[in-house]
Amino acid sequence: QFHMIKHEDLIWKESLGQGSFTQIYRGGKVDRQDGETHTTDVLLKVLDVEHKNSWESFFEAASFMSQISHTHLLMVYGVSVHKSKNIMVQEFVKYGALDLYLKRSSVSLSWKLDVAKQLACTLNFLEEKNIVHGNICAKNLLLARGGDPNSENSENSPFIKLSDPGISMAMLGKEVVLDRIPWVAPEVLEKLELGQQCDKWSFGTTLWEIFNGGEIPLQRLDPKQKQRFYDQRSQLPCLEWAELADLISQCMQYQAELRPSSRSIIRHLNGLITPDYEVLHASGSVPE
Ligand SMILES: N#Cc1ccc(Nc2nc(N)cc(-n3ccc(CO)n3)n2)cc1
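Worth saying up front: this structure is predicted, and the values here are computed from it rather than measured.

Just to check I follow, could you spell out the packing of aromatic side chains for this structure?
In the structure shown here, the tally under the stated rule is 10 aromatic pairs. Ring centres 5.7 Å apart and planes at 25° place the aromatic pair Y101 and W111 in the stacked group. Of this pair, Y101 sits in helix α2 (residues 98-104) while W111 is found in helix α3 (residues 109-128), placing the two residues 10 residues apart along the sequence. According to the relative accessible area criterion, W111 is buried, its value standing at 7%. Both rings, one in W201 and one in Y230, keep their centres 5.6 Å apart while their planes meet at 80°; by these two values the pair is edge-to-face.

Here it is as structure tokens:
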């Protein structure tokens with residue numbers, strides 16, 4: 001399943017906020033190898049005590065991540081249980097969650113397209129292994145590189161890591177799943193079970209977040225209005241960039257089997273040329 005880490009081998013540093021039903025802390029993991037001690041930078045994700053009964057699902061997410069490895073999948077070192085605390089020990093990803101980063105920083109269209117392509121490749125990797133993540137969203141995309149715009153060119157190209165899926169839908173209950181509209185695929189909302197095509201829908205929503213500067217889609221709708229959004233087969237407001245808006249609407253089709261394969265998503269992204277106003281403005285050749 002996964003590696004059990006002794007609580008005394010963990011170092012706790014500052015709190016970094018929270019995920020869903022979790023608190024996250026910066027920390028260290030001490031490894032003793034032939035007499036030497038080595039400390040690894042880690043992210044400690046602690047399950048909220050009131051969601052203690054979801055610990056199986058919490059650890060299922062940890063073992064999900066530990067059993068597959070891919071360059072764009074977050075590394076989970078293991079878990080630690082201490083008194084009533086359930087802790088997931090993850091690699092520390094330098095620039096944190098993409099949703100916050102996008103709100104704080106302005107990035108180029110090609111930077112965003114780079115992130116979209118990396119996520120599409122990760123989706124393809126999972127699809128070929130017939131694995132469903134079930135919680136793809138900008139908050140679960142972590143930025144390992146490219147978070148510092150002033151750094152050298154190779155440094156400021158982004159590199160993402162998809163985080164763990166967290167507690168499963170089945171454990172969350174209808175109210176919380178409603179709040180995951182518009183990331184949760186409509187068929188999942190009905191059956192509360194994940195199908196192969198549901199990650200495509202969430203991929204579409206995540207593209208919308210990335211190309212809307214981290215804006216939260218349907219932020220002002222309450223759960224009832226969100227339910228109505230699906231009942232009426234509504235779509236998110238479309239982006240100016242028509243070719244990208246087209247890909248998003250292909251991924252966010254209510255009929256799951258009509259959503260594109262991850263290979264065709266990759267082909268579509270590779271066929272996109274960033275609109276030249278982006279290049280012209282960037283080069284300063286167009287008078288402001
Ligand atoms: N300021 C700042 C800052 C915050 C966090 C990191 N690093 C990190 N590493 C991970 N492995 C996971 C996460 N997460 C953040 C939200 C979630 C919810 O899922 N995870 N953040 C780096 C800088």
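Still more ground to cover, so stick around.
Even after reading the chapter, I still don't get the pattern of salt bridges, so can you show me in this structure?
Opposite charge on two side chains permits them to pair, given that their charged atoms come into close proximity. One pass over the structure, following the stated rule, counts 11 salt bridges. The residue K161 makes a salt bridge to E91 at a minimum N-O spacing of 3.9 Å. Here the residue K161 occupies a position in strand β7 (residues 159-162), and E91 occupies one in strand β5 (residues 85-91), the gap between them amounting to 70 residues. As far as the burial class goes, K161 and E91 line up, both buried. Where K139 meets D99, a salt bridge forms, and the shortest distance between an N and an O atom there is 3.7 Å. With K139 in the loop between α3 and β6 (141-145) and D99 in helix α2, this residue pair connects regions lying 40 residues apart in the sequence.

Honestly, unusual backbone geometry in this entry has me stumped. Any pointers?
With an omega of 10°, the peptide bond between I181 and P182 qualifies as cis. Take P182: it is sitting in the loop between α5 (174-178) and α6 (186-191). With a phi close to 65°, F21 is a non-glycine residue in the positive phi region. Summarising the element assignment, F21 is placed in the loop between β1 (10-19) and β2 (22-33). Unlike most non-glycine residues, L218 shows phi in positive territory, near 60°. Looking at where L218 falls in the secondary structure, it is placed in the loop between α7 (198-211) and α8 (223-231). Taking relative accessible area as the criterion, L218 reaches 15% and is therefore assigned buried.

So, how was this worked out
Residues numbered from 1 in each chain as written. Predicted model: local features only at pLDDT ≥ 70, side-chain atom pairs only at ≥ 80, totals over all residues. Heavy atoms only, no water. Phe/Tyr/Trp six-rings, centres within 6.5 Å; stacked < 30°, edge-to-face > 60°. Helix = DSSP H or I, 4+ residues; strand = E, 2+ residues; numbered from the N terminus. Buried < 20%, exposed > 50% of the residue type's maximum accessible area, 1.4 Å probe, protein only. Salt bridge = Lys/Arg side-chain N within 4 Å of Asp/Glu carboxyl O.

Keep in mind these values describe shape, not function.
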